[in-house]
Amino acid sequence: MGRLASLAFGFCAIVACTGPTFTNLTASLDACRSEPGMSWQSLPPMVDRAALIARGTVVRLGSIDIAGTPVRTIALRPAEVVKGTAGAEITIIEYRCHFFDVREGDEWIAFLSPYATSFSPPYVPVQTTAVAGAYVTLGGPESTFAVRGGTVAKTGSLDEMPAQVMKAYEGKPAAELLRDIRAIRPVDGDVRDLFARFGWAPRATLYVGELTLPSAIGFQNVGMLAPGTPTKVLHNFDEFANVSAEAGLDFRPYAGRPSELIQIVLERDWDGAGRFPPLGHAVLVDRHIVDRYPQGVNMTRDHGLAATSSLAVKTPTLGGGQTQDRALILPIVEALDVTLPTQPVPVLSGGQPMVVLIWAEDRYFTLEYWADLDLLVNRNFGYAVHPPRRAIQLLEAIR
């Protein structure tokens, strides 16, 4: 099929096809205004959207000149990085409005995105030399949690911000917030992998937000809003569904369901002027790309299991073990190097599965083997398969 011109949720970019020209928004720094609120309603989209999630201590307040305007900077020394990578200090750039009530020594849990002057947060930008390596928060104090006496507190005014996530955790132990963040597996990397499989060059994440898919009849009448624009895109969900089906991704069965929309930039970064790059769009239901593997999956090739460096097995009787021995891992990888018909994850009740944890470079996968159904389940990707018997025998032999 080659590089599908509009892969499932990845069509000729909404913005690129409808023709608006975006301009550099650094001039907005001349007016005192708050960073846009994102109206986060739950943690998972925040985890997917953030390039960096860190807990740390504010060690310094400073200033940087951007387009002739002094803007405050906040230096955070990370004690823990929950997502992404960070050096000894993280520089957070604020707008001219000081919307954070912050002092040196404050402890923060912050959701961050790379900063640039060529596009306003929360959208993804091109970094310039002056601000290389700096970050902004995902919605000002809406996504930045202060920790005082071990308890979550707001970092600034939330006037005119719904801030549902902040309000849900305010007054609760910071350990509870961190536990909930760690329990969420980010899926933005899966979206980039999906587009790469179809020949696109994925770049940064542009937008993540919650979405309710229209009813089945509404597919013909409802368009998707382009981020940052007040009008509907000409294409409706019916067209998206047809294109998705062409790629083997059918999301019609999920009509009316709550979902998450992730948009990524494809092919090139934006230079701050002219036409915006193509966008890729992915809709997720229950934390997986809907029907990503409807026609079969080769687990070794589609998940890159050839790079497996460590593998662990826990049986229902708490047996099993862990190995980094390639002589034991390679035959398992080879046994799974076949295309297997997929089916939806069934409703499972009673009993315990054999759990398999696989580490492959910077990725890990959790699989469940339900012996009574002879099903190997990958919940993160939303499918189940009847695995090769040899693969299961080899996994059961791990001690």
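Attention here is on the structure that accompanies the text.

Calculation notes
- Residues numbered from 1 in each chain as written.
- Predicted model: local features only at pLDDT ≥ 70, side-chain atom pairs only at ≥ 80, totals over all residues.
- Heavy atoms only, no water.
- Helix = DSSP H or I, 4+ residues; strand = E, 2+ residues; numbered from the N terminus.
- Buried < 20%, exposed > 50% of the residue type's maximum accessible area, 1.4 Å probe, protein only.
- Contact = heavy atoms within 4.5 Å.
- Areas by Shrake-Rupley, 256 points an atom, 1.4 Å probe, with all protein chains shown as cover.
- Arc of directions from axis to C-beta.
- Phe/Tyr/Trp six-rings, centres within 6.5 Å; stacked < 30°, edge-to-face > 60°.
- Lys NZ or Arg CZ within 6 Å of the ring centre and 35° of its normal.
- Salt bridge = Lys/Arg side-chain N within 4 Å of Asp/Glu carboxyl O.
- Core = buried A, V, L, I, M, F, W, Y, C linked by side-chain atoms within 4.5 Å.
- Pairing = 2+ DSSP bridges.
- Lys, Arg positive; Asp, Glu negative; His and termini not counted.
- Polar contact = N/O pair within 3.5 Å; in protein donor to acceptor, adjacent residues only side chain to side chain.
- Axes fitted to C-alpha atoms, helices over the stretch in contact; angles between N-to-C directions.
- Parallel < 35°, antiparallel > 145°, perpendicular 65-115°, else oblique.
- Left-handed = near helix turned anticlockwise from the far one by under 90°.
- Nonpolar A, V, L, I, M, F, W, Y, C, P; charged D, E, K, R; others polar.

### Considering the overall build of the chain
Next, step 1: For the chain, the helix and strand inventory stands at 9 helices and 21 strands.
Next, step 2: Buried positions account for 51% of the 399 residues belonging to the chain.
Next, step 3: If you take every contact in the chain between residues at least 6 apart in sequence, the share linking residues at least 24 apart comes to 66%.
Next, step 4: On the chain, roughly 17,600 Å² of surface is accessible, and the fraction owed to carbon and sulfur atoms is 52%.

### Some points on helix α5 (residues 188-197)
Next, step 1: Those residues of α5 lying buried are Asp188, Asp190, Val191, Leu194 and Phe195. Along the axis of α5, the buried positions cluster into a sector of 160°, meaning they face one direction only.
Next, step 2: Immediately beyond the C-terminal end of α5, within one or two residues, lies glycine 199, with a positive phi of roughly 90°.

### Details of the packing of aromatic side chains
Next, step 1: A complete count under the given rule lists 3 aromatic pairs for this structure.
Next, step 2: Taken together, a centroid distance of 4.8 Å and an interplanar angle of 65° make the contact between phenylalanine 99 and phenylalanine 100 edge-to-face.
Next, step 3: Since its relative accessible area comes to 3%, phenylalanine 100 is described here as buried.
Next, step 4: Here a set of aromatic residues connected by ring pairs shows up, and it is made of Phe99, Phe100 and Trp108.
Next, step 5: Cation over ring: lysine 172 sits above tyrosine 169, and NZ or CZ is 5.9 Å from the ring centre.

### Considerations on the pattern of salt bridges
Next, step 1: Counting across every chain of the model gives 12 salt bridges.
Next, step 2: The closest approach of N and O atoms between arginine 60 and glutamate 89, which form a salt bridge, is 2.7 Å. Of this pair, arginine 60 sits in strand β1 (residues 52-66) while glutamate 89 is found in the loop between β2 (69-83) and β3 (90-93), placing the two residues 29 residues apart along the sequence.
Next, step 3: Taken together, the shared-partner salt bridges in this structure form one network comprising Arg55, Glu80, Glu107 and Arg182.

### Observations regarding the nonpolar core
Next, step 1: Met299, Leu311, Val356 and Leu395 are the most contacted members of the largest nonpolar core, which has 27 residues in total.
Next, step 2: Secondary structure elements with two or more residues in this core: β15 (308-314), α8 (326-335), β18 (354-360), β19 (363-370), β21 (383-385) and α9 (389-396).
Next, step 3: Apart from the residues lying within four places of it in its own chain, the contact partners of leucine 395 are Leu311, Val313, Ile332, Met354 and Val356.
Next, step 4: Judged by nonpolar contacts, the second largest core, of 24 residues, contains Met38, Ala50, Met161 and Ala174.

### As for the sheet that holds strand β11 (residues 258-266)
Next, step 1: The strand order across the open sheet formed by 4 strands is β8-β11-β12-β13, and the pairing between neighbours is antiparallel. A single partner strand is all that each edge strand has here, and the edge strands are β8 (202-212) and β13 (288-289).
Next, step 2: Two strands pair when backbone bridges link them, and β11 and strand β12 (residues 279-285) are joined in this way by 6 bridges, in the antiparallel orientation. Across the sheet, residue isoleucine 264 finds its bridge partner in β12, namely glycine 280.

### A few points about the side chain of arginine 49
Next, step 1: If you trace the backbone, arginine 49 turns up in helix α2 (residues 43-49).
Next, step 2: No salt bridge is formed by the buried arginine 49, whose closest oppositely charged neighbour, aspartate 188, lies at an N-O distance of 7.8 Å.
Next, step 3: In terms of polar contacts, arginine 49 uses its side chain to reach the side chain of serine 113, at 3.5 Å.

### Structural notes on unusual backbone geometry
Next, step 1: For alanine 163, which is not a glycine, the phi torsion comes out positive at approximately 50°.
Next, step 2: Its location among the elements puts alanine 163 in the loop between β7 (151-154) and α3 (164-169).
Next, step 3: Positive phi outside glycine occurs at leucine 318, with the angle close to 70°.
Next, step 4: Looking at the element boundaries, leucine 318 is found in the loop between β15 and β16 (320-323).

### Concerning the sheet that holds β15
In a beta sheet, neighbouring strands pair by backbone hydrogen bonds and run either parallel or antiparallel.
Next, step 1: The 6 strands are arranged β16-β15-β18-β19-β20-β21 in an open sheet whose pairing can be described as antiparallel. Each edge of the open sheet carries a strand with a single partner, namely β16 and β21. Sheet twist, expressed as the mean angle between neighbouring strand axes with direction ignored, is 20°.
Next, step 2: Two strands pair when backbone bridges link them, and strand β20 (residues 375-378) and β21 are joined in this way by 3 bridges, in the antiparallel orientation. From the neighbouring strand, leucine 376 faces β21, where its bridge partner is valine 385.
Next, step 3: Running at roughly 90° to β18, α9 makes contact with β15, β18 and β19 of the sheet.

### Examining the pairing of strand β6 (residues 144-148)
Next, step 1: Burial runs high along β6: 4 of the 5 residues are buried.
Next, step 2: As judged from the 4 bridges shared by strand β4 (residues 107-114) and β6, these two strands associate in the antiparallel manner. Along β6, the bridge assignment pairs tryptophan 108 with alanine 146.

### Observations regarding the packing of α8 against α9
Next, step 1: Put simply, α8 and α9 touch, their axes get as near as 8 Å, and they point 155° apart. Judged by the angle between their axes, α8 and α9 are roughly antiparallel. For the crossing formed where α8 meets α9, the hand is left-handed. Counting all contacts with α8, which are made through Pro331, Ile332 and Ala335, the residues of α9 involved are Arg390, Ala391, Leu394 and Leu395.
Next, step 2: In terms of residue class, the contact of α8 with α9 is built from 6 nonpolar, no polar and 1 charged.

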